[in-house]
Amino acid sequence: MKKTFSLFLALSAITLSSYAKPNQGDSTYDWFKKTTEVIHFQLSKAAQTYKPGKNPRSVYPNGTVRLAGLTDWTTGFFPGSLWYGYELTGDKKLAEDAKKFTLALDSIRNIKNTHDVGFMLYCSYGNAYRITGDKTYLPALSDGVANLYARFNPKIGVIRSWDFPWWHYPVIIDNMMNLEYLYWGTKQFNKPEYTNAADTHALTTMKNHFRKDFSSYHVVDYDPATGKVLRKATHQGLTDESAWARGQAWGLYGYTVCYENSKNPKFLKQAENIAKFIMNNPKTPKDKIPVWDYDVHNALETDELAPRDASAAAVIASALLELSTQVKDGQKYVAYAEEILKSLSSDAYLAKPDENSYFLLKHSVGAFLYNSEIDTPLDYADYYYLEALKRYAEIKKIQL
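Predicted, not measured: the structure shown is a model, and the values here were computed from it.

Chemist: What is the right way to look at the overall build of the protein in this model?
Modeler: Within the protein, the secondary structure is distributed over 14 helices and 9 strands. Here the C-alpha radius of gyration of the protein, 20 Å, is about what a compact globule of 400 residues would show, namely 21 Å. Overall size of the protein, expressed as C-alpha extent along the three principal axes, is 65 × 50 × 45 Å. Looking at the protein as a whole, 59% of its 400 residues are labelled buried. Partitioning the intrachain contacts of the protein with sequence separation of at least 6 by distance along the chain shows that 65% fall at a separation of at least 24. Total accessible area on the protein is roughly 16300 Å²; 52% of this is exposed by carbon and sulfur atoms. Of the charged side chains in the protein, 47 are positive and 44 negative, and the gap between their average positions amounts to 3 Å.

In structure tokens, the structure reads:
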């Protein structure tokens, strides 16, 4: 394995020479450079191993890889990771691979039964268009964002998340992540109604999803006829009243995006209050990687009950870095995100080359209560980790 990695680095010397060069002896340079080399190797091998349309999602307990097909909500993350990998390394082969894995998702443009088209298309096709400017990607993006907007109910003021029959009109905090797709669609396709839907959804969610301490419920179920809140619950958290870690991360990221696009000060205040809940939470471990739910009993002592969730940490880091660019005192957010990224880039979380089925991060949790994807790599953990590293490099002016 070590020989394989050494050979890869030797063959990639030209590309790797373009990595960060602020100060060769700077500790920032050392950990960032090492991390980027591992990323380059893992993503290159992953692109060779997996097939477009069947993207790596996670790893089953028996060691086999769970693949994401075209209707899987996570299927856009691997192509998006390849695009970010290209930006972090400059390796044009990764861009070629990213294009192949992206275009394989074209039929997602026809999916109308979930809000997840934002994750599925904007993270793949959206990054593809952002980076290349190739208008080939626009028709799928146009159809997808129109389908997302069609799920907005102006009477209730929110976008429906799921069509499962056991809910009346469910809205999950995850939905905040897909508002960025609507804001982008407004600018790209001259559709101001998309922004109106995004703003309204964010305001309604602020009113009904959050507790006094700015922690968030996972699911709010509405009466589709009246807009009345029928139930506040969880689907993936410990209890209805607990603070599911990734849900808090989704909220932080979502309101940061909403403020960046709308400049509504309510959204900035909400983002900063969620950040306070996360950053000042006494149950956060020293390495800043949260357990899967902040309210798990004995969260700091019992690993069996409280596995870490690297995916939540990656989303938090990316969100805080973006939030830091929207405020005057952003350094506190950069510093916290840097702690997270250094932890995620340590041997405790970052996979060694040729291991972890070519995923980047170890130790994430999908749905603990369903015994699903516990202490496993996850495609969206990798995606937001890469996004956070890119944002960190831009803030720190690390030359890529």
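Chemist: Just checking my understanding: could you explain helix H12 (residues 310–324) for this structure?
Modeler: Since one α-helical turn is 3.6 residues long, residues separated by three or four positions face the same way. Here H12 contains 15 residues, and its C-alpha end-to-end distance of 21 Å stays within 8% of the 21 Å for a straight helix at 1.5 Å per residue. Burial within H12 is extensive, with 15 of its 15 residues counted as buried.

Chemist: Sorry if this is basic, but what is going on with the UniProt feature "binding site: substrate" (unreviewed entry) in the protein here?
Modeler: Residues given the UniProt feature "binding site: substrate" (unreviewed entry) here are Asp116, Asp174, Thr234, Arg246 and Trp250. Following the sequence through the fold, Asp116 ends up in the loop between helix H5 (92–103) and helix H6 (117–132). A relative accessible area of 11% means that Asp116 is categorised as buried. In contact with Asp116, not counting residues within four places along its chain, are Trp73 and Asn178. For Thr234, the position within the fold is in the loop between strand E7 (229–233) and helix H10 (245–262). Contact partners of Thr234, with chain neighbours within four places excluded, come to His218, Val219, Thr239 and Asp240.

Chemist: Can you help me understand the UniProt feature "active site" (unreviewed entry) in the protein in this one?
Modeler: The UniProt feature table records "active site" (unreviewed entry) at Asp116 and Asp174. The largest pairwise C-alpha distance within this set of annotated residues, which runs over 59 residues, is 8.9 Å, so the set is compact in three dimensions. By the secondary structure assignment, Asp174 is in the loop between strand E5 (170–172) and helix H8 (179–189). Beyond its immediate stretch of four places on either side in the chain, Asp174 contacts His115, Phe119, His218, Gln236, Trp244 and Trp250.

Chemist: Would you take a moment to explain the packing of aromatic side chains for this structure?
Modeler: Each aromatic ring pair is described using two quantities: the centre-to-centre distance and the angle formed by the ring planes. This structure, assessed with the given rule, holds 33 aromatic pairs. Ring geometry for Tyr149 versus Tyr194: centroids 5.1 Å apart, planes at 45°, classification tilted. A residue pair is termed long-range when its members are at least 10 positions apart, and Tyr149 in helix H7 (residues 138–149) and Tyr194 in helix H9 (residues 192–209) qualify at 45 residues. According to the relative accessible area criterion, Tyr194 is buried, its value standing at 5%. Above the ring of Tyr217, the side-chain terminus of Arg211 is found at 4.0 Å from the ring centroid.

Chemist: I would appreciate a short explanation of the nonpolar core in the present structure.
Modeler: Within soluble globular proteins, side chains that are nonpolar tend to cluster in buried spots. Formed by 115 residues in total, the largest nonpolar core has its most connected members in Leu344, Tyr384 and Tyr385. With 11 residues, the single largest contributor to this core is H12.

Chemist: What is the right way to look at the side chain of Asn127 in this model?
Modeler: Tracing the backbone shows Asn127 in helix H6. Asn127 gets classed as buried once you look at its relative accessible area, which sits at 5%. Separated by 2.8 Å, the side chain of Asn127 and the backbone oxygen of Cys123 make a polar contact. With residues near it in sequence (within four places) discarded, Asn127 still touches Gly80, Trp83, Tyr84, Tyr122 and Tyr383.

Chemist: Whenever I open this one, the side chain of Ser58 confuses me. Can you help?
Modeler: Here Ser58 shows up in strand E1 (residues 55–59). With relative accessibility at 1%, the residue Ser58 sits in the buried group. One polar contact links Ser58 to Glu373, side chain to side chain, over a distance of 2.6 Å. Residues in contact with Ser58, not counting those within four places in the same chain, are Thr64, Val65, Arg66, Phe359, Glu373, Thr376, Pro377 and Leu378.

Chemist: What is the right way to read the packing of H10 against helix H11 (residues 265–279) from this model?
Modeler: If you want to describe how two helices pack, look at the angle between their axes and the distance between the axes. H11 packs onto H10 with a crossing angle of 155° between their chain directions and a minimal axis gap of 8 Å. With respect to each other, H10 and H11 are oriented roughly antiparallel. Regarding H10 and H11, the two cross each other, and that crossing is left-handed. Note on element contacts: H11 touches H10 through Pro265, Phe267, Leu268, Gln270, Ala271, Ile274, Ala275, Phe277 and Ile278, opposite Gln248, Ala249, Gly251, Leu252, Tyr255, Thr256, Cys258, Tyr259 and Ser262. A breakdown of the residues in the contact of H10 with H11 according to their chemical character gives 13 nonpolar, 5 polar and no charged.

Chemist: I would appreciate a short explanation of the sheet that holds strand E6 (residues 219–222) in the present structure.
Modeler: Sheet strands pair via backbone hydrogen bonds, and the direction of the pair is either parallel or antiparallel. As summarised here, the arrangement of the 3 strands in space is E5-E6-E7, forming an open sheet in which the pairing is antiparallel. Here the strands that pair on one side only, and so sit at the sheet edges, are E5 and E7. Adjacent strand axes in the sheet meet at a mean angle of 20° when their direction is disregarded. Relative to E7, E6 runs antiparallel, the two being bridged by 4 bridges. Bridge assignment links Asp221 to a residue of E7, and that residue is Arg231. Across the sheet, H9 is in contact with E5, E6 and E7; its angle to E6 comes to roughly 105°.

Thresholds, definitions, all that
Residues numbered from 1 in each chain as written. Predicted model: local features only at pLDDT ≥ 70, side-chain atom pairs only at ≥ 80, totals over all residues. Heavy atoms only, no water. Helix = DSSP H or I, 4+ residues; strand = E, 2+ residues; numbered from the N terminus. Rg over C-alpha atoms; globule rule 2.2 N^0.38 Å. Buried < 20%, exposed > 50% of the residue type's maximum accessible area, 1.4 Å probe, protein only. Contact = heavy atoms within 4.5 Å. Areas by Shrake-Rupley, 256 points an atom, 1.4 Å probe, with all protein chains shown as cover. Lys, Arg positive; Asp, Glu negative; His and termini not counted. Charge placed at Lys NZ, Arg CZ, Asp CG, Glu CD. Expected span 1.5 Å × (residues − 1). UniProt positions renumbered as here; feature names shortened; annotations may be inferred. Phe/Tyr/Trp six-rings, centres within 6.5 Å; stacked < 30°, edge-to-face > 60°. Lys NZ or Arg CZ within 6 Å of the ring centre and 35° of its normal. Core = buried A, V, L, I, M, F, W, Y, C linked by side-chain atoms within 4.5 Å. Polar contact = N/O pair within 3.5 Å; in protein donor to acceptor, adjacent residues only side chain to side chain. Axes fitted to C-alpha atoms, helices over the stretch in contact; angles between N-to-C directions. Parallel < 35°, antiparallel > 145°, perpendicular 65-115°, else oblique. Left-handed = near helix turned anticlockwise from the far one by under 90°. Nonpolar A, V, L, I, M, F, W, Y, C, P; charged D, E, K, R; others polar. Pairing = 2+ DSSP bridges.

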